[in-house]
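The residues making up each chain are set out below.
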Protein chains: 2
Amino acid sequence: MREVRVIGTGMIRFGKYPEKTLADLAWPAVLQALAEAGVERRDVGAAWCGTALGGMMAGQRILKPLGMTSIPIANVENACASSATAFREGYIAVGAGIYDCALVIGAEKLTKLRGGPLPVEQEDWEASYGLMMPALYAMRARRYLHDHKFGPEVLAQVSVKARKHGVKNEDAQIQQEISLEEALASRPIAEPLRIADCCPTGDGAAAVVIASAEFARKLSRQGVRIASSTLNSGKFMTGFRDFTSPEITKRAAHEAYEAAGIGPEDVDLAEVHDAFSIAELLYYEALGFCAGGDAPKLLADGVTSLGGRIPVNPSGGLLSKGHPVGATGVAQIVEIVRQLENRAGGRQVDDAKVGMAHVTGGGISGLDHGACAIHIFAR
Amino acid sequence: MREVRVIGTGMIRFGKYPEKTLADLAWPAVLQALAEAGVERRDVGAAWCGTALGGMMAGQRILKPLGMTSIPIANVENACASSATAFREGYIAVGAGIYDCALVIGAEKLTKLRGGPLPVEQEDWEASYGLMMPALYAMRARRYLHDHKFGPEVLAQVSVKARKHGVKNEDAQIQQEISLEEALASRPIAEPLRIADCCPTGDGAAAVVIASAEFARKLSRQGVRIASSTLNSGKFMTGFRDFTSPEITKRAAHEAYEAAGIGPEDVDLAEVHDAFSIAELLYYEALGFCAGGDAPKLLADGVTSLGGRIPVNPSGGLLSKGHPVGATGVAQIVEIVRQLENRAGGRQVDDAKVGMAHVTGGGISGLDHGACAIHIFAR
């Protein structure tokens, strides 16, 4: 595998766009990524499109208005990890030398659904008993708070930080701060989670252009190097008796660090899958940023806030940005790349050299069929 | 890219299994492929699952009952070309040296839909005007018959051949011959297409194990070499003024032959995408098996029948086998591999050395967003 770099990024502001098609949402992100990369449409050798619920041939529908449908296009699904998985597929093909330059898109239009939590597969028995995503994360939260003797304010603090970061991100769906009191008093969803603990649903799209190092050099575009790409499936959590140890993320993190030749102490910033506030705390621990039970302290000490040692979700995370399922993975990568290229504006992480994008996806309860993708980038 | 070989195949008999889940359909095919390859579950480094309408995380749901969900799993969609595209993704990753042994699955459960033609995307304007798949192919058929002055009996002859082959395939949904008279008198669907001209819908699953040549050697499994893998998107047909020249297939065929270093005259057998009888005739021409307008003669002369110079769809094709969208691509590959390994039983093509699997996928009308995958195999 040869070196592969991200040389262009694009995304739209996530939000609710019921009047738009999936293609309407995504082609502007594609054009932005191409312009940033400085490549022509004809330079793109192939495209991968990640979407979970976007329907058949999403990539073709998105590229049709751009006249770019004559290239190989593969559509990739892995629930919330759909476009991170698509990114990995593109990375492998460029790394293998099949294409010099390729496009990866993430897109989702959740407003075409009826709203509320994600729909479930009929054969998913856990979900049929009411274990929808918010309920699942609520169980994890209860267990975590019980085990480590914390109150719900440690959850609310995640949301407070997310919103503080999100205000500085013009692509975030929610760009409004929230106080600890407001978060704690917000509408209950599934005890102890309140609406402030849950990412908003919505529509969104993001895109990146990836290329071989040689191709990037020809364009005089340095871009950002993909230091490792890890995908895993398996148990979303360890089992019914331990809801708080996301096995799949731990395993993926171990592999990701090893492949990149670094440790968690080398990560300068991370975008992690904070679909619910509790998730971010659990992922601090699973990703090795702190020991088990120490996540609330890490957060309270400001270590994971902008200005801290390892800012987590400087973009505002899913809690601010929204979580249009299939768009999320690539949107996280867009943030990391912009940060490493020192062009993240008011939310810039100082001197960022190594960034991580982490996303998980689960059928619904995902007891045994989750996915986790971790990408590490270095400038 | 290093050499990659198919070392194990599996499929279930296609048919209507409304009581089964997608996982129920597919895991037996996976086990069969693993057994043929002579590999243990732990030898499989990663899996790709192609499905068009199977819902989120199909691969994980399928591998869950086999305890195989801890590996990287990517789900791939490209309409009818879904699992051929998944196969290509797996081929690239094994070829790139990331995995030594991987699994590719194709699965679909169409009986969970309400029946009839495939559902359409709301934003697909051609479909919203009634241009569903059968109507589209009917227009192509009318044009072809008009241009080359043939009657509907040339279509019926495709079905007669398909059924003749299908009788010898215990995995085919329809295992019953049909006479020319019966085909011509069968229920009209969209003039000039009759029910005998249309592939049956149904459920199905197929799987293959692929591996590096070195890994195959260690197992003392020769398998079948992947000589070229081509994926393209673009126009399903050339335009409104020429419905009969499938541009995307022509272009993919050109690339596939070039990459494999062969020409159409070197192909000993082919599985082509005969979703409708007219399609097979058009593909004879697009794949270079004969000149434009000569397809009916090629068929009538027995060239494409078992015993002929280049048997097409010895499996019975989609017309006999059924067309559970996402399962089709891998099922075609299963047939080619078994033929090249000289274990196709009563439908064995003598001394087959080179085989081709061709599949197309289209949004619905696919005027500008089809997909075409061609794989060439050699023993």
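Calculation rules
Residues numbered from 1 in each chain as written. Chains lettered and ligands numbered in written order. Predicted model: local features only at pLDDT ≥ 70, side-chain atom pairs only at ≥ 80, totals over all residues. Heavy atoms only, no water. Helix = DSSP H or I, 4+ residues; strand = E, 2+ residues; numbered from the N terminus. Rg over C-alpha atoms; globule rule 2.2 N^0.38 Å. Contact = heavy atoms within 4.5 Å. Areas by Shrake-Rupley, 256 points an atom, 1.4 Å probe, with all protein chains shown as cover. Lys, Arg positive; Asp, Glu negative; His and termini not counted. Charge placed at Lys NZ, Arg CZ, Asp CG, Glu CD. Buried < 20%, exposed > 50% of the residue type's maximum accessible area, 1.4 Å probe, protein only. Pairing = 2+ DSSP bridges. Least-squares fit on C-alpha atoms with pLDDT ≥ 70 in both. Buried area = accessible area lost by both parts, 1.4 Å probe. Salt bridge = Lys/Arg side-chain N within 4 Å of Asp/Glu carboxyl O. Nonpolar A, V, L, I, M, F, W, Y, C, P; charged D, E, K, R; others polar. Expected span 1.5 Å × (residues − 1). Polar contact = N/O pair within 3.5 Å; in protein donor to acceptor, adjacent residues only side chain to side chain. pLDDT = per-residue confidence, 0-100. Axes fitted to C-alpha atoms, helices over the stretch in contact; angles between N-to-C directions. Parallel < 35°, antiparallel > 145°, perpendicular 65-115°, else oblique. Phe/Tyr/Trp six-rings, centres within 6.5 Å; stacked < 30°, edge-to-face > 60°. Lys NZ or Arg CZ within 6 Å of the ring centre and 35° of its normal.

Participant: How should I be thinking about the overall build of chain A in this particular structure?
Facilitator: Counting secondary structure elements, chain A contains 13 helices and 11 strands. Computed over the C-alpha atoms, the radius of gyration of chain A is 19 Å, within 12% of the 21 Å expected from 2.2 N^0.38 for a compact globule of 379 residues. Each of the three principal axes of chain A carries a C-alpha extent, and together these read 55 × 45 × 35 Å. Intrachain contacts of chain A at a sequence separation of at least 6 include 77% that bridge at least 24 residues. Put simply, chain A shows about 12,600 Å² of open surface, and 50% of that area lies on carbon and sulfur atoms. Taking the 39 positively charged and 43 negatively charged side chains of chain A as two groups, their mean positions are separated by 3 Å.

Participant: For this particular structure, what's the right way to read helix α10 (residues 277-286) of chain B?
Facilitator: In an α-helix, one turn spans 3.6 residues; hence positions three or four apart end up facing the same way. Most of α10 of chain B is tucked away, with 10 of its 10 residues classed as buried. Those residues of α10 of chain B that sit buried are Ser277, Ile278, Ala279, Glu280, Leu281, Leu282, Tyr283, Tyr284, Glu285 and Ala286 of chain B.

Participant: Please explain the pairing of strand β8 (residues 224-234) of chain A as it appears in this structure.
Facilitator: On any regular strand, side chains alternate: one points to one face of the sheet, the next to the other face. All names here are of chain A. Summarising burial for β8: 10 of the 11 residues are buried, a large majority. Pairing analysis gives 2 bridges linking strand β1 (residues 4-11) to β8, with the strands arranged antiparallel. Note on β8: the bridge partner recorded for Val6 is Val224. Where β8 and strand β11 (residues 370-378) come together, 9 bridges link them in antiparallel fashion. Opposite Thr230, over in β11, you have Ile374 as the bridge partner.

Participant: I would appreciate a short explanation of the relation of the copies chain A and chain B in the present structure.
Facilitator: Both copies of the chain are related by a screw-like operation: a rotation about an axis and a shift along it. For the match of chain A to chain B, the screw axis carries a shift of 0.0 Å, the RMSD comes to 0.0 Å, and the turn is 180°. Taken together, the rotation and translation describe the operation of a two-fold axis. Of the residues that chain A buries at the interface, 100% are likewise interface residues in chain B, meaning the two copies contact each other through the same surface.

Participant: I tried to follow the interface of chain A and chain B on my own but got confused; where do I start?
Facilitator: As a measure of interface size, the accessible area lost when the parts come together is often cited. Between chain A and chain B, the residue contacts involve 51 residues of the former and 51 residues of the latter. Summed over both sides, the interface between chain A and chain B buries roughly 4,000 Å², with carbon and sulfur atoms accounting for 54% of that surface. The interface formed by chain A and chain B includes 0 salt bridges. Every element with two or more residues in the side of chain A that touches chain B is listed here: α1 (22-37), α2 (58-63), β3 (73-77), α3 (82-95), β8, β10 (354-362) and β11 of chain A. Across the side of chain A that touches chain B, the residue classes tally to 23 nonpolar, 17 polar and 11 charged.

Participant: Would you mind showing me how to read the pattern of salt bridges here?
Facilitator: It is possible for side chains of opposite charge to pair when their charged atoms get near one another. Counting across every chain of the model gives 30 salt bridges over all chains. Linking Glu3 of chain A and Arg5 of chain A is a salt bridge whose minimum nitrogen-to-oxygen distance equals 2.4 Å. Given a relative accessible area of 34%, Glu3 of chain A falls into the partly exposed group. Note that Glu36 of chain B and Arg338 of chain B form a salt bridge whose closest N and O atoms lie 3.6 Å from each other. You can see Glu36 of chain B sitting in helix α1 (residues 22-37) and its partner Arg338 of chain B sitting in helix α13 (residues 325-340), a full 302 residues away along the chain. Residue class for Glu36 of chain B comes out partly exposed when judged on its relative accessible area of 22%.

Participant: Teacher, can you tell me more about α13 of chain B here?
Facilitator: Residue and element names in this part refer to chain B. With 16 residues, α13 extends 24 Å from end C-alpha to end C-alpha; this agrees with the ideal 22 Å at 1.5 Å per step. With 16 of 16 residues buried, α13 lies mostly within the body of the structure. Residue Asn342 follows α13 closely and has a positive phi angle near 60°.

Participant: How should the side chain of Thr249 of chain A be read in this particular structure?
Facilitator: All names here are of chain A. As for its position among the elements, Thr249 is in helix α9 (residues 247-260). Of the residues examined, Thr249 reaches a relative accessible area of 0% and is grouped as buried. In contact with Thr249, not counting residues within four places along its chain, are Tyr283, Ala286, Leu287, His358, Thr360, Cys372 and Ile374.

Participant: What should I look at first to understand the environment of Arg347 of chain B in this one?
Facilitator: Residue and element names in this part refer to chain B. With respect to the helices, strands and loops of the structure, Arg347 is situated in the loop between α13 and β10 (354-362). In the structure, Arg347 is positioned 182 residues away from His165 in sequence and 6.8 Å away in space, judged by C-alpha atoms. Excluding residues that lie within four positions of it along the chain, Arg347 makes contacts with Lys168, Asn169, Leu306, Pro314, Ser315, Glu335 and Gln339. At 3.2 Å, the side chain of Arg347 and the backbone oxygen of Lys168 are in polar contact. Within polar-contact distance, the side chain of Arg347 engages the side chain of Glu335 at 2.7 Å.

Participant: Teacher, can you tell me more about the environment of Ile374 of chain B here?
Facilitator: Residue and element names in this part refer to chain B. Structurally, Ile374 is set in strand β11 (residues 370-378). Judged by its relative accessible area of 0%, Ile374 falls in the buried class. Beyond its immediate chain neighbours, meaning those up to four positions away, Ile374 contacts Ser228, Ser229, Thr230, Thr249, Ala252, Ala253, Ala256, Leu287, Met356, Ala357 and His358.

Participant: What's the story with the confidence of the model for chain A in this structure? I'm lost.
Facilitator: Should pLDDT be low for a region, the predicted coordinates there are not to be read in detail. Residue-level pLDDT values for chain A average 93, and 93% of them are 70 or greater. We note a pTM of 0.97 for the whole complex and an ipTM of 0.96 for its interfaces.

Participant: Just to check I follow, could you spell out unusual backbone geometry for this structure?
Facilitator: Trans peptide bonds make up the majority, and among non-glycine residues the majority have a negative phi. Across the junction of Glu191 of chain A and Pro192 of chain A, the peptide omega takes the value 5°, indicating a cis bond. When you line up the elements, Pro192 of chain A lands in the loop between β5 (188-190) and β6 (193-194). Positive phi is not limited to glycine here, since Met57 of chain A has a value of about 55°. The topology assignment puts Met57 of chain A in the loop between β2 (46-50) and α2. Exposure remark for Met57 of chain A: the relative accessible area of 0% places this residue in the buried category. At Ala79 of chain B, a residue that is not glycine, the phi angle is positive and equals roughly 50°. Within the secondary structure layout, Ala79 of chain B lies in the loop between β3 (73-77) and α3 (82-95). By relative accessible area, Ala79 of chain B is classed as buried at 1%.

Participant: Just to check I follow, could you spell out the packing of α3 of chain A against helix α13 (residues 325-340) of chain A for this structure?
Facilitator: The angle between the axes and the distance between the axes are what describe a pair of packed helices. All names here are of chain A. α13 packs onto α3 with a crossing angle of 60° between their chain directions and a minimal axis gap of 5 Å. Relative to α13, the element α3 is oriented oblique. Two secondary-structure elements touch here, α3 through Ser82, Ser83, Ala84 and Phe87 and α13 through Gly326, Ala327, Thr328, Gly329, Val330 and Ile333. When its residues are assigned to classes, the contact of α3 with α13 shows 5 nonpolar, 5 polar and no charged.

Participant: Looking at this structure, how should I read the pairing of β11 of chain A?
Facilitator: Residues and elements named next belong to chain A. In terms of burial, β11 is a largely internal element, 9 of the 9 residues being buried. Burial along β11 is two-sided: the face carrying Gly370, Cys372, Ile374, Ile376 and Ala378 and the face carrying Ala371, Ala373, His375 and Phe377 are both buried. Bridge analysis of β10 against β11 gives 9 bridges, and the strand direction is antiparallel. Looking at β11, one finds that Gly355 is bridged to Phe377.

Participant: How do you make sense of the packing of aromatic side chains when you look at a structure like this?
Facilitator: What describes a pair of aromatic rings is the distance from one ring centre to the other and the angle between the planes of the rings. Residue and element names in this part refer to chain A. Overall, the coordinates contain 8 aromatic pairs over all chains when judged by the stated rule. When the centroid spacing of 6.3 Å and the interplanar angle of 15° are considered together, the rings of Tyr144 and Phe150 count as stacked. Accessibility expressed as a relative area gives 28% for Phe150, which makes it partly exposed. Looking at Lys20, its charged tip hangs above the ring of Tyr17, at a distance of 5.5 Å from the centre. Between the NZ or CZ atom of Arg140 and the centre of the ring of Tyr137, over which it lies, the distance is 4.6 Å.

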